[in-house]
Amino acid sequence: MYVVKQLPEFSDWLFGLRDGMTHRRLARRLEKVQRGLLGDVAPLLEGVFEMREHFGPGWRMYYVQRDDVLIIMLGGGDKSTQQADIARAVALAKTI
């Protein structure tokens with residue numbers, strides 16, 4: 001079981017998605033995470049990880065994990081903006 005906290009930057013991104021189905025699928029992924037089902041994740045840089053979703057343009061959600069139970073969502077994007085999204089997530093992770 002995990003406690004998932006969303007930083008404002010992540011919430012703004014998620015609720016700003018235009019496609020309602022994409023928003024629901026990504027929100028459902030976060031519900032699964034709360035039940036302990038991380039799914040397809042990969043380590044990136046400086047303690048930042050990405051949750052990968054293989055639909056549409058290849059959605060990514062970036063997070064850091066604190067202790068064994070807390071996941072802090074930093075931001076998200078798709079494959080087309082991945083490098084800039086990772087840089088923002090790493091920078092944001094340094095502030096928490």
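Preceding this section is the structure that the text describes.
Residues numbered from 1 in each chain as written. Predicted model: local features only at pLDDT ≥ 70, side-chain atom pairs only at ≥ 80, totals over all residues. Heavy atoms only, no water.

1. Remarks on the pairing of strand 4 (residues 60–66)
The buried fraction of strand 4 is high, at five of seven residues. Of the pairings in the sheet, the one linking strand 3 (residues 48–52) to strand 4 comprises five bridges and is antiparallel in character. Note on strand 4: the bridge partner recorded for methionine 51 is methionine 61. By the bridge criterion, seven bridges tie strand 4 to strand 5 (residues 70–77) in an arrangement that is antiparallel. Opposite glutamine 65, over in strand 5, you have isoleucine 71 as the bridge partner. Between strand 4 and strand 5, which pair antiparallel and follow one another directly, the connecting turn spans three residues, one of which, aspartate 67, has a positive phi of 55°. (Buried < 20%, exposed > 50% of the residue type's maximum accessible area, 1.4 Å probe, protein only. Helix = DSSP H or I, 4+ residues; strand = E, 2+ residues; numbered from the N terminus. Pairing = 2+ DSSP bridges.)

2. With respect to the pattern of salt bridges
The tally for this structure, following the rule as stated, stands at six salt bridges. A salt bridge links arginine 52 to aspartate 40; its shortest N-O distance comes to 2.8 Å. With a gap of 12 residues between them, arginine 52 in strand 3 and aspartate 40 in the loop between helix 2 (20–34) and strand 2 (41–43) connect regions that are remote in the sequence. On the accessibility criterion, arginine 52 (25% relative accessible area) is partly exposed. Notably, a salt bridge pairs arginine 88 with aspartate 85, separated by 2.3 Å at the nearest N-O pair. With arginine 88 and aspartate 85 both in helix 3 (residues 82–93) and three residues apart, the pair spans about one turn of that helix. The exposure class assigned to arginine 88 is exposed, which follows from its relative accessible area of 52%. The exposure class assigned to aspartate 85 is buried, which follows from its relative accessible area of 5%. Connected through shared salt-bridge partners, Asp40, Glu50, Arg52 and Arg60 make up one network. (Salt bridge = Lys/Arg side-chain N within 4 Å of Asp/Glu carboxyl O.)

3. What to know about a positive patch on the surface
Taken together, the side chains of Arg24, Arg25, Arg28, Lys32 and Arg35 present a region of like positive charge at the surface. Inspection of the secondary structure assignment puts arginine 24 in helix 2. (Patch = residues over 30% accessible without salt bridge, like charges linked within 9 Å, V, L, I, M, F, W, Y side chains within 5 Å. Areas by Shrake-Rupley, 256 points an atom, 1.4 Å probe, with all protein chains shown as cover. Lys, Arg positive; Asp, Glu negative; His and termini not counted. Charge placed at Lys NZ, Arg CZ, Asp CG, Glu CD.)

4. Quick notes on the sheet that holds strand 3
In space, the five strands of this open sheet follow the order 1-5-4-3-2, with mixed pairing throughout. Bordering the open sheet on either side are strand 1 (3–6) and strand 2, each of which pairs with just one other strand. When strand polarity is set aside, the average angle formed by the axes of neighbouring strands in this sheet is 35°. Relative to strand 5, strand 1 runs parallel, the two sharing four bridges. If you follow valine 3 over to strand 5, its bridge partner there is leucine 70. Of the strands in this sheet, strand 1, strand 4 and strand 5 are in contact with helix 1 (residues 8–15), which crosses strand 5 at around 50°. (Axes fitted to C-alpha atoms, helices over the stretch in contact; angles between N-to-C directions. Contact = heavy atoms within 4.5 Å.)

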